[in-house]
Amino acid sequence: MSKDPSIEHDLERAIKAGLRERSRTASCPPMDVVAAYCEHSLASEELSQWEAHFAGCRRCQQLLAAMARVEPSVAPAAAPSWWSRALDWRWLVPAAAAASAFAIWIAVRPGTRPAESPTVIVASRPETQAAPTAAAQPEPSSALRMLEKAQEQFAKKTEPNPAESAQAMRDAIDRLAKKEAPTVAAEAAGAVAGKPAASPPAPAVAPAPRTLASRVDAAAADAAMGRQAGLVVIAPGAQVQWRAGPGGQIEQSRDAGATWDAQNAGTSEDLLAGSAPSDSVCWIVGRGGTILRSTDGRAWSRLESPVSADLVSVAATDAANATIAAVDGQRFMTRDGGGTWEKREH
Amino acid sequence: MALASEGLQQFRDRHQTFIGSLYRRAGAAEWAVGTDVFAEALYRSARHRFSDAELEYSPVESYLDALHVEDLALALGCQAGHEGAWRAFVSRYRPRLYAAARSIAGDQDAQDLAGSIYGELYGLKERAGQRRSLFRYYHGRSSLPTWLSAVLAQRHVDGLRAAARLEPLDEARHEIHARRDSDASDPESGLVRRRYVAILTRVVRAALAELDPRERLRLAHYYLDGLTLAQAAALFGEHESTASRKLERTRQGLRARIEQTLRDEYRFDDGAVRECLTVGIEGWTMDLSRELSQETAGSDVQ
Ligand SMILES: [Zn+2]
């Protein structure tokens, strides 16, 4: 097969045209079936019947896309949709690289009780913390193990009692986010050192510094109001912050999150992770190999990426040095501000 | 009608104890929903899912057991105009209804979208002196908020599709005229173009048809609806890394399949493949925009 880029491009367009073709399928499912589909509660024969319909029906595809954009706070309680967003490792900054920035992800847990407080996952890797060696690798905490087990069961879809495993995961998150947080941070950092390069970045979970508590609450309130919960990148000192999210949105606050100004990211890609080593330097990465960097805290430039895969984490120590990780586990490091990237094995 | 009530009676006789336990679990009494009304709602829900024959043999009770009976009871209470039920509905779900409307339609149109549904839920439309609430289409198969989101999404999408039908028509017409003119001025190139469009559509359709429906749906989420990997993965209940891997595999396989067919079946060399793609895709895209502009709207909630 040729690797001619123009042919590849036209092939992609042809696929798109094929997908857009008008379908002549039977009538669309009633909305209670669509809702059950989104909660993954259709029986298997119904599931295959309706999925076959969705595959050929643009109206249903658009409808499902609209459903997919509904915030997790309005999505089902027991379905995996909320948890995959809240818990996915990409929401967490990798522990393996040193970074002085904090990244805070806020995910609203759509429990059955509307007043339920949101799960706040804070990932950090303070510079002062020494990187543990593989030899001194401690056992992952029970919460982390529980989480991994629950994750496995969900992935296999063989779980006999989904409600039970969902509950197990919720418990695990609670423990991770609250009680066991300080120990888990160290343990997870240790665990990652011994993991193969192909595995996704492991989480480091630590409690939010007290000074950030009010910001977290404000962001949680935003999220609870149905606004896009997203990435908050906080520079050391916590006065300067950026928040970023879907469609290339970036906003900056210079007053610790009290007020926000929009910035021009120059991209419409979804932004997934960030790292701010100082008040003026910030790196943000996202879908399709997007790497953005600001060196004056205001203007953003897009850097050449070594990969086209979605980038799910970045850890920067200054404007020149940064390590990025792609969704497939590949990691790259630059020492010259993104001029060249070197593939990392660990 | 006689048959239906007979079926209902049989259904109640067969599952009497179980219906009783669901009734208590649902807390239906709190909204003054009687056992008759509740049992009938369960029956309707089961009828919605199973055929008459299946209703006798299928594991109906495990279906009923999985229903969101609390939400179902609340919906029945609201439908009957019970004030406590409405208060409960408003305090529990109204904020989520509006939040969902914002996610679906954006801040600008959210109020209108949610507002219109709200009226229908309350049953503003009267028929033969009876309030007809949208709640009658809720059968407890999902949580109430997810069902509400689906109804909002449906209204929104149908609105967009109706608007799209009116707009691109002129544009498509221009394109078609332009093409006819160019075809007329150079009949031979028009012929070549039509041939390439025909080949390309045939090959791409065949390649897409070979795919597993889920993979085709995955492609649509990616190419047409611009969902993020996380959103698409959540719809399938998959892990994002799994979804990403599958998407990449499907895309590559499809590209290879199309190109291979052009080479093997049509004996195209590099140049011909490129030309077929470039010329074919151009013509096809025009046909599509015309066709899509004439699409008809979908059905109603049910
Ligand atoms: Zn459909």
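Residues numbered from 1 in each chain as written. Chains lettered and ligands numbered in written order. Predicted model: local features only at pLDDT ≥ 70, side-chain atom pairs only at ≥ 80, totals over all residues. Heavy atoms only, no water.

### Quick notes on the overall build of chain A
Turning to step 1, where the next piece is worked out: Helix and strand counts for chain A stand at 9 helices and 14 strands.
Turning to step 2, where the next piece is worked out: Across the 346 residues in chain A, those meeting the buried criterion constitute 57%.
Turning to step 3, where the next piece is worked out: Partitioning the intrachain contacts of chain A with sequence separation of at least 6 by distance along the chain shows that 51% fall at a separation of at least 24.
Turning to step 4, where the next piece is worked out: For chain A, the accessible area works out to roughly 14200 Å², and carbon and sulfur atoms hold 53% of it. (Helix = DSSP H or I, 4+ residues; strand = E, 2+ residues; numbered from the N terminus. Buried < 20%, exposed > 50% of the residue type's maximum accessible area, 1.4 Å probe, protein only. Contact = heavy atoms within 4.5 Å. Areas by Shrake-Rupley, 256 points an atom, 1.4 Å probe, with all protein chains shown as cover.)

### Re the overall build of chain B
Turning to step 1, where the next piece is worked out: Check the secondary structure of chain B and you find 14 helices and 2 strands.
Turning to step 2, where the next piece is worked out: For chain B, the residues scored as buried account for 50% of the 302 residues in total.
Turning to step 3, where the next piece is worked out: In chain B, the proportion of contacts linking residues at least 24 apart, taken out of those at least 6 apart, comes to 66%.
Turning to step 4, where the next piece is worked out: A total accessible area of about 14900 Å² is found for chain B, and carbon and sulfur atoms account for 49% of it.

### Some details on helix α12 (residues 229–236) of chain B
Residues and elements named next belong to chain B.
Turning to step 1, where the next piece is worked out: With 8 of 8 residues buried, α12 is to be regarded as a mostly interior element.
Turning to step 2, where the next piece is worked out: Among the residues making up α12, those that are buried are Leu229, Ala230, Gln231, Ala232, Ala233, Ala234, Leu235 and Phe236.
Turning to step 3, where the next piece is worked out: In the stretch just after α12, Gly237 is the one whose phi turns positive, near 65 degrees.

### Some thoughts on the sheet that holds strand β8 (residues 282–286) of chain A
Residues and elements named next belong to chain A.
Turning to step 1, where the next piece is worked out: With antiparallel pairing, 4 strands are arranged side by side in an open sheet as β7-β8-β9-β10. Two strands bound the open sheet, and with one partner strand each, they are β7 (271–275) and β10 (301–302).
Turning to step 2, where the next piece is worked out: Bridging between strand β9 (residues 290–294) and β10 involves 2 bridges; their strand directions are antiparallel. Within β10, the position partnered with Arg293 by the bridge is Ser301. (Pairing = 2+ DSSP bridges.)

### Overview of the coordination of the zinc ion
All names here are of chain A.
Turning to step 1, where the next piece is worked out: Around the zinc ion, the protein supplies Cys28 (SG), His53 (NE2), Cys57 (SG) and Cys60 (SG) as donor atoms, at distances of 2.0 to 2.3 Å.
Turning to step 2, where the next piece is worked out: Of note is the zinc ion, whose 4 donor atoms meet at the metal with angles of 105 to 114 degrees in an arrangement that counts as tetrahedral.
Turning to step 3, where the next piece is worked out: Mapped onto the sequence, the donors of the zinc ion take the spacing C-x24-H-x3-C-x2-C.
Turning to step 4, where the next piece is worked out: His53 sits in the buried class, given a relative accessible area of 7%.
Turning to step 5, where the next piece is worked out: A residue is classified by how much of its surface remains accessible, and Cys57, at 6% relative accessible area, is buried. (Donors = N, O, S within 2.8 Å, 3.2 Å for Na, K, Ca; no water. Tetrahedral: all angles 85-135°; square planar, octahedral: opposite > 155°, others 65-115°.)

### Considerations on the pairing of strand β12 (residues 322–326) of chain A
All names here are of chain A.
Turning to step 1, where the next piece is worked out: With 5 of its 5 residues buried, β12 lies for the most part within the structure.
Turning to step 2, where the next piece is worked out: Along β12, one buried face is formed by Ala322, Ile324 and Ala326 and the opposite face, lined by Thr323 and Ala325, is buried too.
Turning to step 3, where the next piece is worked out: As paired elements, strand β11 (residues 311–316) and β12 share 5 bridges and run antiparallel to each other. Across the sheet, residue Val314 finds its bridge partner in β12, namely Ile324.
Turning to step 4, where the next piece is worked out: Once β11 ends, the chain turns through 5 residues before running back antiparallel as β12.
Turning to step 5, where the next piece is worked out: Inspection of the sheet shows β12 paired to strand β13 (residues 331–334) by 4 bridges, in the antiparallel sense. The partner of Ile324 across the bridge, within β13, is Phe332.
Turning to step 6, where the next piece is worked out: Counted between consecutive antiparallel strands, the loop separating β12 from β13 contains 4 residues, among which Gly329 sits at a positive phi close to 95 degrees.

### Let's talk about the pattern of salt bridges
Turning to step 1, where the next piece is worked out: Scanning the entire structure with this criterion turns up 25 salt bridges over all chains.
Turning to step 2, where the next piece is worked out: Across the pair Glu51 of chain A and Arg214 of chain B runs a salt bridge, and its minimum N-O distance is 2.8 Å. Pair noted here: Glu51 of chain A is in helix α3 (residues 44–56) and Arg214 of chain B is in helix α11 (residues 213–224), and the two residues belong to different chains.
Turning to step 3, where the next piece is worked out: Exposure remark for Arg214 of chain B: the relative accessible area of 14% places this residue in the buried category.
Turning to step 4, where the next piece is worked out: One salt bridge in this structure joins Asp270 of chain B and Arg263 of chain B, with 2.8 Å as the shortest N-O distance.
Turning to step 5, where the next piece is worked out: With relative accessibility at 43%, the residue Asp270 of chain B sits in the partly exposed group.
Turning to step 6, where the next piece is worked out: Ionic contacts of the salt-bridge type, sharing partners, join the residues Glu51 of chain A together with Arg214, Glu215, Arg218, Glu238 and Lys246 of chain B into one network. (Salt bridge = Lys/Arg side-chain N within 4 Å of Asp/Glu carboxyl O.)

### Points about the pairing of strand β4 (residues 241–244) of chain A
Looking along a regular strand, one sees side chains alternate from face to face of the sheet.
All names here are of chain A.
Turning to step 1, where the next piece is worked out: Neither face of β4 is exposed, since Gln241 and Arg243 on one face and Trp242 and Ala244 on the opposite face are all buried.
Turning to step 2, where the next piece is worked out: In this sheet, strand β5 (residues 250–253) lies alongside β4 in antiparallel orientation, the contact comprising 4 bridges. Of the residues in β5, the one forming a bridge with Arg243 is Glu251.

### Here we look at the sheet that holds strand β14 (residues 342–344) of chain A
Residue and element names in this part refer to chain A.
Turning to step 1, where the next piece is worked out: Strand order in the open sheet formed by 4 strands is β11-β12-β13-β14, with antiparallel pairing between adjacent strands. Two strands lie at the open edges of the sheet, namely β11 and β14, each paired on one side alone. When the angles between neighbouring strand axes are averaged without regard to direction, this sheet yields 25 degrees.
Turning to step 2, where the next piece is worked out: Where β13 lies against β14, 3 bridges are found, and the strand directions are antiparallel. Counterpart to Phe332 in the pairing with β14 is Lys343. (Axes fitted to C-alpha atoms, helices over the stretch in contact; angles between N-to-C directions.)

### A word on the confidence of the model for chain A
All names here are of chain A.
Turning to step 1, where the next piece is worked out: Residues at a pLDDT of 70 or more form 51% of chain A, whose mean pLDDT is 62.
Turning to step 2, where the next piece is worked out: Per-residue pLDDT, averaged within each element of chain A, yields its smallest value for helix α5 (residues 80–87) (30) and its largest for helix α2 (residues 31–38) (95).
Turning to step 3, where the next piece is worked out: Predicted confidence is poor over residues 176–229, with pLDDT under 50, and the contacts of this stretch with residues over four places away or in other chains come to 108 contacts. (pLDDT = per-residue confidence, 0-100.)

### What to know about the packing of α2 of chain A against helix α4 (residues 58–68) of chain A
All names here are of chain A.
Turning to step 1, where the next piece is worked out: Interhelical geometry of α2 versus α4 gives an angle of 50 degrees and a closest axis separation of 11 Å. Viewed along their axes, α2 and α4 adopt a mutual orientation that is oblique. As α2 runs across α4, the sense of the crossing is right-handed. On α4, the residues touching Met31, Val34, Tyr37 and Cys38 of α2 are Leu63, Leu64 and Met67.
Turning to step 2, where the next piece is worked out: Tallied by class, residues from the contact of α2 with α4 come to 7 nonpolar, no polar and no charged. (Parallel < 35°, antiparallel > 145°, perpendicular 65-115°, else oblique. Left-handed = near helix turned anticlockwise from the far one by under 90°. Nonpolar A, V, L, I, M, F, W, Y, C, P; charged D, E, K, R; others polar.)

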